[in-house]
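# Coordinate analysis (summary)
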Amino acid sequence: MGSQQALAQVRIQPQDFDAAALQAELLSGDPVAGAVASFTGLVRSDPAEPVLTLELEHYPGMTESSISEIIAEAESRWSLLAAIVVHRIGVLQPGEQIVYVGVSSAHRGEAFQACEFIMDYLKTRAPFWKKETTAAGRRWLDARDSDDAAARRW
């Protein structure tokens, strides 16, 4: 179980991010850090119905607060030194980076678990709305059962 308050950062932005620079931020010279785990999500297409664009909207303030609560929950379960979540908004193309979740901890097991937990909860609890454009038109995407199942295991 976590016992200290980790350095937590949440960024919602239209611009791309540099995963290597974010990892360096996670370490920030802390000699206790023995592990960094991160996940970078990309906009993907569907071979059966290619995605032309993915548009993401959010509710400013509420989204950041929701993600901060997810990080706080992770901190209560694992001993984290730092956590950073960057989520892009706006119109994105397949192959572009959409989300970064990174954590640092003294030990790899806690870093792996916390990173996966944050990502699973981010998919189900953070208020983002996604609109996909394909050759057939535009549609809002619904939550996926597989994302709900992944979050329930925690």
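Refer to the preceding data block for the structure.
A brief look at the structure comes next.

## Quick word on helix α3 (residues 108-125)
For α3, spanning 18 residues, the distance from its first C-alpha to its last is 25 Å, which sits close to the expected 26 Å at 1.5 Å a residue. In this structure, the buried residues of α3 make contact with β2 (35-42), α2 (62-77), β4 (80-88), β6 (97-105), β7 (128-134) and α4 (145-152).

## Remarks on the sheet that holds strand β3 (residues 51-58)
Here we have 4 strands laid out as an open sheet, ordered β5-β3-β7-β8, and antiparallel in their pairing. Both edges of this open sheet fall to β5 (90-92) and β8 (137-140), since each of them pairs with a single strand only. In this sheet, adjacent strand axes meet at a mean angle of 20° when their direction is disregarded. Bridge count between β3 and β5: 3 bridges; the pairing is antiparallel.

## Some words on the packing of aromatic side chains
Evaluated as defined, the whole model comprises 5 aromatic pairs. Here the aromatic rings of phenylalanine 117 and tyrosine 121 are separated by 4.2 Å at their centres, their planes lie at 35°, and the arrangement is tilted. Of this pair, phenylalanine 117 and tyrosine 121 both sit in helix α3, 4 residues apart, which is roughly one turn of the helix. Exposure class is identical for phenylalanine 117 and tyrosine 121. Each is buried. An aromatic cluster of at least three residues, connected via ring pairs, comprises Trp78, Phe117, Tyr121 and Trp154.

## Thoughts on the pattern of salt bridges
Taken as a whole and assessed by the stated rule, the structure comprises 9 salt bridges. The partner of glutamate 49 in a salt bridge is arginine 139, with the nearest N and O atoms 3.3 Å apart. Separated by 90 residues along the polypeptide, glutamate 49 in the loop between β2 and β3 and arginine 139 in strand β8 bring together distant segments of the chain. Here arginine 153 ties to glutamate 116 by a salt bridge, and the two come within 2.5 Å at their closest N and O atoms. Of this pair, arginine 153 sits in the segment after α4 while glutamate 116 sits in helix α3, placing them 37 residues apart in sequence. By relative accessible area, which is 39% here, glutamate 116 ends up partly exposed. In the salt-bridge network here, residues are joined through shared partners; they are Asp16, Arg88 and Glu96.

## Here's the deal with the nonpolar core
Core analysis: the largest hydrophobic core is formed by 31 residues, its most contacted members being Ile67, Val101, Val103, Ile118 and Leu122. In this structure, Phe17, Ile84, Val86 and Tyr100 belong to the second largest nonpolar core, which totals 7 residues.

Parameters at a glance
- Residues numbered from 1 in each chain as written.
- Predicted model: local features only at pLDDT ≥ 70, side-chain atom pairs only at ≥ 80, totals over all residues.
- Heavy atoms only, no water.
- Helix = DSSP H or I, 4+ residues; strand = E, 2+ residues; numbered from the N terminus.
- Expected span 1.5 Å × (residues − 1).
- Contact = heavy atoms within 4.5 Å.
- Pairing = 2+ DSSP bridges.
- Axes fitted to C-alpha atoms, helices over the stretch in contact; angles between N-to-C directions.
- Phe/Tyr/Trp six-rings, centres within 6.5 Å; stacked < 30°, edge-to-face > 60°.
- Buried < 20%, exposed > 50% of the residue type's maximum accessible area, 1.4 Å probe, protein only.
- Salt bridge = Lys/Arg side-chain N within 4 Å of Asp/Glu carboxyl O.
- Core = buried A, V, L, I, M, F, W, Y, C linked by side-chain atoms within 4.5 Å.

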